[in-house]
Amino acid sequence: MTSSTPPKEKPFKIAILGGGIGGLSLAIGFYKRHIPFHLYESAHAFAEVGAGVGFGPNSLRAMGLVDPVILEGYMKHVTHNAFPSKKSTCFDFYAGMDSGLGKEGEHFFELTTGEGVLGMCCIHRAVFLDQLVSLVPPETVSFGKRAVTVEETSNGVQIKFEDGSKASASAAVGCDGVKSNIRKMVLGKEDPAAYPSFTGKYAYRGLIPMNKAVDMLGDELARNAVMWIGKQGHILTSPVEKGEVMNVVAFKTKKDGKWDNKYWVLPQDRKGMEDDFADWGDSVKKIVSLMEKPDVWALFDYPPANIYYKGRTCLSGDAAHASTPHLGAGAGMAIEDAYIMASLLAEIEDEKGIEGAFRAFDAVRRPRTQKLVSTSQEGGRVLDCEGKGIGEDREKWRKDLAERHEWIWEKKLEDDLEEAVAMLEGMKARGGAEDTDYKI
Ligand SMILES: Cc1cc2nc3c(=O)[nH]c(=O)nc-3n(C[C@H](O)[C@H](O)[C@H](O)COP(=O)(O)OP(=O)(O)OC[C@H]3O[C@@H](n4cnc5c(N)ncnc54)[C@H](O)[C@@H]3O)c2cc1C
């Protein structure tokens, strides 16, 4: 093939159902690998919440593997810790109240990604989403399309949307988040794992102008990422928008462990948040006093699914493995999924290989992503001094959190892809997706 020969498109088309970070990353991965797709988004425009999102080293590597232009866009807009000495620092941990971890205001731990590795940095969600959107051709997207069902046909799938319209494709990937319709289709409505469950925690989110934060907290605490730790809660702050804004997420344990409201995101007045942090120290109270209109988010995740695909329909991102945000890795996992899924579909010749690709995806992605869900819940309890056998024991606490983050960050995705491709080759040689040695 000469350099002027256009690369050959795959002779099949994938419907991506949902255009959050997961669906858009997948679209970009498909586009780069010449896999025809169409993305159906339920909203009338792409949108993200007004808050920051942090990515660790594994997520950055995944962006580069899906398509290096994602990483370039991210690097252009990400905000690093302000102090040069803190380039590899993810968070400095301070005691937000007196506890076994330290006296209120005491610095007791610095979590770093290691020498020369960029620390976990925060970017405004809407800015990151805009970067992703700019890489997806507009003609490949339809808005106002809430997928309700996906049915298998003789040559692929037919998707039915809430507005009564239909679309056909060779296969579908459900990227429709933590309230996924497609998950119910894949697992069956009677499977309890098809439904999200409340994790017993909620979080206030808000953005504070950096000048106000600096006035209250000083340069070091406002302009670098910090976690304030206490009993049954923790508060995370990090600079975003090139240091113009401080992102705040303040977590609390819900005492009765229940969430009865049908809404998961509720506007709050500051009073409610002040009451929640009334017995915390001065620094935390100062942060709370700057939260103009915090939203409160109930934190739900998905129980482990026994499979991520059914025939020609597969789940990806939160729809497959929504997790709590305590280790800052859910969106990164959706980008990892996109890399493995797009690379596997690039390996097959025609639509007959799709189910095998989904099976290989399930085999390598399900163990890692489900471990994220459990380690993230456990990590949340450790952060809130509720960790089993850890509580407020400073040494155990530090070791536990360092190990959980290392597990997430040190993944070499190329190895998982190699394993999945070998599995796919095995299936091809044996003549089908069902005939495999893999125990999953
Ligand atoms: C408080 C909080 C903080 C977090 N912080 C971090 C962090 O710092 N780092 C990190 O990596 N992760 C973080 N996460 C997790 C992260 O936000 C998610 O893992 C990530 O956004 C999931 O992306 P997704 O595309 O899979 O799903 P979503 O973002 O939920 O996107 C789903 C999309 O599908 C659309 N949709 C829904 N239903 C349908 C349908 N039936 N048909 C068509 N379209 C549909 C929706 O409109 C939406 O656009 C955090 C989560 C929370 C709650």
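Residues numbered from 1 in each chain as written. Predicted model: local features only at pLDDT ≥ 70, side-chain atom pairs only at ≥ 80, totals over all residues. Heavy atoms only, no water.

- In the annotation of an unreviewed UniProt entry, the entry for the protein chain reads FAD-binding domain-containing protein, and the organism field reads Lepraria neglecta.

1. Let's talk about the site of the ligand
Then step 1. Near the ligand there are 28 residues, and of these Gly22, Glu41, Gly54, Arg125 and Asp318 occur at the shortest range.
Then step 2. A distance of 3.3 Å separates an oxygen atom of the ligand from a polar backbone atom of Ile21.
Then step 3. The backbone of Ala331 places a nitrogen or oxygen atom 2.9 Å from an oxygen atom of the ligand.
Then step 4. Against a free-state accessible area of 1,000 Å², the protein chains account for coverage of 85% of the ligand.
Then step 5. Of all the secondary structure elements, the ones that give two or more residues to the shell around the ligand are α1 (21-32), β3 (52-55) and α11 (330-347).
Then step 6. Of the residues contributing to the shell around the ligand, the split by class is 8 nonpolar, 13 polar and 7 charged. (Near = heavy atom within 4 Å. Polar contact = N/O pair within 3.5 Å; in protein donor to acceptor, adjacent residues only side chain to side chain. Areas by Shrake-Rupley, 256 points an atom, 1.4 Å probe, with all protein chains shown as cover. Helix = DSSP H or I, 4+ residues; strand = E, 2+ residues; numbered from the N terminus. Nonpolar A, V, L, I, M, F, W, Y, C, P; charged D, E, K, R; others polar.)

2. Describing the sheet that holds strand β14 (residues 233-240)
Then step 1. The sheet built from 8 strands is open, its strands ordered β5-β4-β13-β14-β15-β12-β17-β16 with mixed pairing. Where the open sheet ends on each side, the last strands, each with one partner, are β5 (107-112) and β16 (265-267). Ignoring strand direction, the axes of neighbouring strands in this sheet form an average angle of 20 degrees.
Then step 2. Bridging between strand β4 (residues 89-95) and β5 involves 5 bridges; their strand directions are antiparallel. Each residue of the ladder has a partner; that of Tyr94, found in β5, is His107.
Then step 3. Along the sheet, helix α6 (residues 210-217) contacts β12 (197-209), β14 and β15 (245-253); its crossing angle with β12, the most-contacted strand, is approximately 95 degrees.
Then step 4. Where helix α13 (residues 394-409) meets the sheet, its contacts fall on β4, β5 and β13 (226-230), and the angle it forms with β5 comes to roughly 15 degrees. (Pairing = 2+ DSSP bridges. Axes fitted to C-alpha atoms, helices over the stretch in contact; angles between N-to-C directions. Contact = heavy atoms within 4.5 Å.)

3. So, the pattern of salt bridges
Then step 1. Applying the stated criterion across every chain yields a total of 25 salt bridges.
Then step 2. In this structure, Glu106 engages Arg394 in a salt bridge whose closest nitrogen and oxygen atoms are separated by 2.6 Å. Remark: Arg394 occurs in helix α13 and Glu106 occurs in the loop between β4 and β5; sequence separation between them is 288 residues.
Then step 3. Across the pair Asp416 and Lys411 runs a salt bridge, and its minimum N-O distance is 3.2 Å.
Then step 4. The class of Asp416 is buried, set by a relative accessible area of 8%. (Salt bridge = Lys/Arg side-chain N within 4 Å of Asp/Glu carboxyl O. Buried < 20%, exposed > 50% of the residue type's maximum accessible area, 1.4 Å probe, protein only.)

4. Examining the state of the cysteines
Then step 1. Scanning all chains against the criterion turns up 0 disulfides.
Then step 2. We note that Cys122 lacks a disulfide partner, and the nearest cysteine sulfur, in Cys121, lies 8.6 Å from it.
Then step 3. Just so you know, Cys175 is unpaired, no disulfide at all, and the nearest cysteine sulfur is the one on Cys314, 9.0 Å from it.
Then step 4. The buried category is assigned to Cys175, whose relative accessible area is 10%. (Disulfide = S-S within 2.5 Å.)

5. Remarks on the packing of aromatic side chains
Each aromatic ring pair is described using two quantities: the centre-to-centre distance and the angle formed by the ring planes.
Then step 1. Per the counting criterion, the structure on display carries 19 aromatic pairs.
Then step 2. Judged by centre distance (4.8 Å) and plane angle (75 degrees), the rings of Phe46 and Phe143 are edge-to-face. Of the two residues, Phe46 is situated in the loop between β2 (37-40) and β3 and Phe143 in the loop between β7 (141-142) and β8 (147-153); the sequence distance between them amounts to 97 residues.
Then step 3. Judged by relative accessible area, which is 18%, Phe46 ranks as buried.
Then step 4. Through pairs of rings, three or more aromatic residues link up here, namely Phe91, Phe93, Phe108, Phe109 and Trp397.
Then step 5. Stacked on the ring of Trp297, the Lys or Arg Arg205 has its end atom at 4.2 Å from the ring centre.
Then step 6. Stacked on the ring of Trp407, the Lys or Arg Arg368 has its end atom at 5.0 Å from the ring centre. (Phe/Tyr/Trp six-rings, centres within 6.5 Å; stacked < 30°, edge-to-face > 60°. Lys NZ or Arg CZ within 6 Å of the ring centre and 35° of its normal.)

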